[in-house]
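Each chain, letter by letter, is given below.
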Amino acid sequence: MVRVRPYADGDADELWTLKRGFETGLGTGTGGDEKAAKYEAKLTAEYRREYVEWVERCVAENSDCVQVAETDGGVVGYVFVLPESLAYIWDAAVLNEVYVDPEHRGTGVADDLMDAALEAARGMDLPLDRMLLDVDTENDRAQAFYDRYGFSHWGEMVARDL
């Protein structure tokens, strides 16, 4: 049985393991070797420390912004909605990350996490009552998941190296 709950102090190691899976999956699943190498290279001890500190600052502001899916075996997924203070970045709630361990995909864990994310966003005072995210167009599984939840194309994010 899976239980979704807010991130807690003792979750940092398990969250980091999942975050690594999220990042390396972005690199290997939606791009070539160069993209995979870039994503892998950033996952240093310093990045880990800074990421966990950022998560903890966000959770201090809004305890529901990072939630984890837990089984008897530990944390198997997480969802990260940016806290309300960052809503003006896109004038909406931002689904920053959602990730489920590959062994637990297709079991409803992602649905439980998305429901928790939407509930957290509904509790925010937002300029626009909507949630947005960015998803790689090559990630068919994620595209289908977001389509099921009624997400639709709303502009296009572009990026360049600095």
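In what follows, the structure referred to is the one given above.
No experiment lies behind these values; they were computed from the predicted model shown. Residue indices follow the written sequence of each chain, beginning from 1 at its first position. The model is predicted, so local features are restricted to residues of pLDDT at least 70 and side-chain atom pairs to those at 80 or more, both for listing and for counting; the totals for chains, interfaces and linings are taken over all residues. Calculation of side-chain values draws on the structure's entire complement of heavy atoms; hydrogens and water are dropped beforehand.

**Considerations on the packing of aromatic side chains**
Right, so step 1: For Phe, Tyr and Trp, rings pair up if their centres lie within 6.5 Å, where Trp contributes its six-membered ring, and each pair is then called stacked (planes under 30 degrees apart), edge-to-face (over 60) or tilted (otherwise). In total, this model carries 9 aromatic pairs according to the counting rule given.
Right, so step 2: A ring pair is formed by Trp16 and Tyr47, whose centres lie 6.0 Å apart and whose planes are at 50°; its orientation type is tilted. With Trp16 in helix α1 (residues 12-29) and Tyr47 in helix α3 (residues 45-61), the pair connects residues that are 31 residues apart, well separated along the chain.
Right, so step 3: Three exposure classes are used, based on accessible area relative to the maximum for each residue type with a 1.4 Å probe and protein chains only: buried under 20%, partly exposed in between, and exposed over 50%. On the basis of relative accessible area, Trp16 is assigned to the buried category, the value being 9%.
Right, so step 4: When the ring of Tyr146 is compared with that of Phe151, the centres are 5.6 Å apart and the planes differ by 70°; the resulting orientation is edge-to-face. As far as burial versus exposure is concerned, Tyr146 and Phe151 are alike and both buried.
Right, so step 5: Cluster of aromatic residues (ring-pair linked, three or more members): Trp16, Tyr47, Tyr51, Trp54 and Phe80.
Right, so step 6: When the ring centre of Trp154 is taken as origin, the NZ or CZ atom of Arg130, which lies over that ring, is 4.0 Å away. Under the DSSP-based scheme used, a helix requires at least four consecutive residues in state H or I and a strand at least two consecutive residues in state E, with every element numbered from the N terminus. Whether a charge sits over a ring comes down to the Lys NZ or Arg CZ being within 6 Å of the ring centre and within 35 degrees of the ring normal.

**Section: helix α5 (residues 140-148)**
Right, so step 1: Taken as a whole, α5 has its buried residues at Ala142, Phe145 and Tyr146. One side of α5 holds all its buried residues, which, seen down the axis, span an arc of 95°. In α5, those exposed residues whose orientation departs by more than 90 degrees from the buried face are Asp140, Asp147 and Arg148.
Right, so step 2: In this structure, the buried side of α5 is in contact with β4 (93-100) and α4 (109-122).
Right, so step 3: Taken from the residues just after α5, Gly150 is the one with a positive phi, measuring 85°. To be clear, the arc concerns the directions from the helix axis to the C-beta atoms. Contacts are assigned to residue pairs that have any heavy atoms within 4.5 Å of one another.

**Let's talk about unusual backbone geometry**
Right, so step 1: For Asp91, which is not glycine, the phi dihedral falls at a positive 60°.
Right, so step 2: Mapping Asp91 onto the fold places it in the loop between β3 (74-81) and β4.
Right, so step 3: For Asp91, a relative accessible area of 32% gives the class partly exposed.

This is a description of form; function is not addressed.
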